Amino acid sequence: MSVVPLVRGAAKAARRHQAGRGGGGRRRAAVVLLLALAYAAGLLLFVFGGGASVDVGGRAGVTVASFRRRGAPARSPPPPGSVYRSHIVFERLWPDIRDDAAPASTATSASVSTPSSWRRSMLTTPRSPNSGELWMPCVKRRLIPSELPPSNGYLIVEANGGLNQQRLSICDAVAVASLLNATLVIPVFHLNSVWRDPSKFSDIFDEYRFIETLRLHVRVVKELPKDVLLRFNHNISSIPNMRTKAYSSPDHYVQKVLPRLLELGVVRIAPFSNRLAQSVPSNIQTLRCLVNYQALRFAEPIRVLAEDMVVRMMKKSSSTGGKYVSVHLRFEEDMVAFSCCTYDGGRKEKIEMENARERSWRGKFHRPGRVINPEANRRDGKCPLTPLEVGMMLRGMGFDNTTFLYVASGKIYNAAKYMAPLRQMFPLLETKDTLALPEELAEFKGYSSRLAALDYTVCVQSEVFVTTQGGNFPHFLMGHRRYLLGGNAKTIKPDKRKLVLSFDDPNIRWSRFKRQMQDILHHSDIKGVTFRKPNDSIYTFPMPDCMCQQDGR
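Residues numbered from 1 in each chain as written. Predicted model: local features only at pLDDT ≥ 70, side-chain atom pairs only at ≥ 80, totals over all residues. Heavy atoms only, no water.

S.K.: Would you mind showing me how to read the state of the cysteines here?
M.R.: Structurally, a disulfide amounts to a covalent bond that connects the sulfur atoms of two cysteines. The full count for this structure, using the stated rule, is three disulfides. Put simply, C341 and C383 are joined by a disulfide, and their sulfur atoms are 2.1 Å apart. Residues C341 and C383 share a disulfide whose torsion about the S-S bond is about -95°; that sign makes it left-handed. Residue C341 is found in the loop between α12 (333-339) and α13 (346-360), and its partner C383 is found in the loop between α14 (374-379) and α15 (387-397); the two are separated by 42 residues along the sequence. Judged by its relative accessible area of 6%, C383 is buried. There is no disulfide at C171, and the cysteine sulfur nearest it, in C289, is 9.0 Å away. (Disulfide = S-S within 2.5 Å. Helix = DSSP H or I, 4+ residues; strand = E, 2+ residues; numbered from the N terminus. Buried < 20%, exposed > 50% of the residue type's maximum accessible area, 1.4 Å probe, protein only.)

Encoded structure:
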């Protein structure tokens, strides 16, 4: 199609108009000419632009339809589960979710025929109805104390990461000290760039109990003796650092570290997270159990407030026998940024996440060759669940609006927006900020590990624990609950690859969504009593290393 005749015709019309009307005509002719030129430009874009939409003559609402340029390949839609559409699904399903709730008058009904009591039975049924004999802790019976030989020297480690990564480092440090027959100096805590918690060991854990519980198995001292420090100019950094690879074997410590320890009388290993293999001799494995479940007790200020919070939570949930659901919600800004996933915040969210990544991991996400693919991350189940997604999942599984929910988390990203739908679905929701008074929390503010310790304690005592993202907190908590609750504590660990598919369809019906959620719950439940495999973490799977069956085997 040629637009030249159109432009020429418009120009002639403009000249005739000008000749007949004088000065005013000239102005109107100019307008006509501009409109003609604009129209011609629109046609050019229409023909050659391949899909641009343009305004004609500057007037809003008059557009030229777009179309794909002939021969240009169409961009195929992303595979199901690639894009965050959960907020759209929630808007469509909210009337059904709201109506699918137990009336207050039936909430305490004992009849199993009511939907309410069926949902509530999820909190009152036995934890392990088909698991056979219950398993019980038996660490002390397996660890036979004997007189400790003379120490080969001092071991200093630097525990890095958050609360439970520090916990892992401490347990492994005791195990390595035993392997080396070394005296362990109370571990130093590294100031993490993300957690930014300057707490010392004694601020988080009961130092006296730690030393006393291990007295017959490993020597532990609060600090390096002055005469040893003097040899290194009172500077611990001057002590040789035996840099060790992750998951090093016991043989590595005996063959590589022990000779240096015997030579110098002291060695340092920093950082020390995950520096010991999962598979070690049974006596060392049992020692890890002793440290994790008995020697490491929270410091008194944390313990007192945490126990009060548990009592308050149980009182609030008295209608279900003091049983409640706890959720570990990993939707803090640093977690969202690190995951490289995208949600529904648009450009503002993108800028905030970029800034957060640069603030905590300078340059890490822009290294040559690094590819960030948010769509693939979501399909692979690597994206943190939003509070909205957690709420929809639990409502679909059968937990109704009379469920008492405790949410453990740090500072939720964009909390005003993302927490609102979760509170809509679970109005009986509590957090440490609602269970504890502001003055009670005041001494813990700014100390992420101490706040995490409060959450940890309340979650350990819950009837059901829901984990929404990997990490040391849920892994340690699942193991601790198994240890305390007969080997099979009820945990919901959703398959997020399946979950994102349910959140991808805006037209899904509530009945179908519920069936899918209950299928995910079923697959989470059937795992039952789980035994540790050779390369599994003993902190997640304490059986059979830390526990025995009731008949003593």
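S.K.: Hey, could you run me through the side chain of R481 in this one?
M.R.: Structurally, R481 is set in helix α20 (residues 472-484). E463 provides the closest opposite charge to the buried, unpaired R481, separated from it by 6.9 Å. Polar contacts involving the side chain of R481 include one to the main-chain carbonyl oxygen of S462, which spans 2.6 Å. A distance of 2.9 Å separates a polar side-chain atom of R481 from the backbone oxygen of K490. (Lys, Arg positive; Asp, Glu negative; His and termini not counted. Salt bridge = Lys/Arg side-chain N within 4 Å of Asp/Glu carboxyl O. Polar contact = N/O pair within 3.5 Å; in protein donor to acceptor, adjacent residues only side chain to side chain.)

S.K.: Would you mind going over the pairing of strand β10 (residues 464-467) with me for this structure?
M.R.: Every regular strand shows the same layout, with side chains that alternate between the two sheet faces. Residues of β10 alternate between two faces, with V464 and V466 on one and F465 and T467 on the opposite face, all of them buried. In this structure, β10 lies alongside strand β11 (residues 490-492), joined through three bridges in parallel fashion. In the strand pairing of β11, V464 is matched with K490. Following the backbone out of β10, through α20 and into the adjacent parallel β11, one traces a crossover that is right-handed. (Pairing = 2+ DSSP bridges. Right-handed = clockwise from strand over helix to strand, strands pointing away.)

S.K.: Where do I start with unusual backbone geometry in this structure?
M.R.: The amide bond that connects A270 to the next residue, P271, takes the cis arrangement and shows omega of 0°. Here P271 lies in the loop between β6 (266-269) and α10 (282-295). With an omega of 5°, the peptide bond between M543 and P544 qualifies as cis. Mapped onto the elements, P544 comes out in the loop between α22 (510-525) and β12 (547-549). The backbone of Y247 sits at a positive phi, close to 55°, despite the residue not being glycine. Tracing the backbone through its elements, the reader meets Y247 in the loop between α8 (226-231) and α9 (250-264). Judged by relative accessible area, Y247 falls into the partly exposed class, the value being 43%.

S.K.: Mind showing me how you'd approach helix α16 (residues 415-425) here?
M.R.: Helical geometry: 3.6 residues make up each α-helical turn, so side chains three or four residues apart lie on a common side. When α16 is considered as a whole, its buried residues turn out to be Y418, M419, P421, L422 and M425. Along the axis of α16, the buried positions cluster into a sector of 150°, meaning they face one direction only. Elements that come into contact with the buried residues of α16 comprise α2 (86-99), α13, α15, β8 (405-408) and β9 (429-430). (Arc of directions from axis to C-beta. Contact = heavy atoms within 4.5 Å.)

S.K.: Sorry, what's going on with the pairing of β6 here?
M.R.: Burial along β6 is two-sided: the residues V266 and R268 and V267 and I269 are all buried. Strand direction decides the pairing type here: strand β2 (residues 154-159) and β6, joined by four bridges, are parallel. Considered in β6, the bridge of L155 is made with V267.

S.K.: Would you mind going over the pattern of salt bridges with me for this structure?
M.R.: If the charged atoms of two oppositely charged side chains come close together, the side chains can form a pair. One pass over the full model with this rule turns up 23 salt bridges. Across the pair K222 and E207 runs a salt bridge whose closest N-O atoms are separated by 3.7 Å. Residue K222 is found in the loop between β5 (220-221) and α8, and its partner E207 is found in helix α7 (residues 207-213); the two are separated by 15 residues along the sequence. Residue classification places E207 among the buried residues on the basis of a relative accessible area of 18%. Among the ionic pairs, E440 bridges to R312, the shortest N-O distance being 2.9 Å. In this pair, E440 sits in helix α18 (residues 438-441) while R312 sits in helix α11 (residues 300-316), placing the two residues 128 residues apart along the sequence. The exposure class of R312 is partly exposed, given its relative accessible area of 25%. Through salt bridges with shared partners, one network takes in K200, D203 and R450.

S.K.: I would appreciate a short explanation of the packing of aromatic side chains in the present structure.
M.R.: The relative placement of two aromatic rings is captured by the distance of their centres and the angle of their planes. The final tally for this structure, using the stated rule, is 20 aromatic pairs. On the basis of an interplanar angle of 50° and a centroid distance of 5.6 Å, the ring pair of F503 and F513 is categorised as tilted. Taken as a pair, F503 in the loop between α21 (496-502) and α22 and F513 in helix α22 lie far apart in primary sequence, ten residues in all. Comparing F503 with F513, the two get one shared label, buried. Sitting over the ring of F365, R357 keeps its end group 5.8 Å from the ring centre. (Phe/Tyr/Trp six-rings, centres within 6.5 Å; stacked < 30°, edge-to-face > 60°. Lys NZ or Arg CZ within 6 Å of the ring centre and 35° of its normal.)

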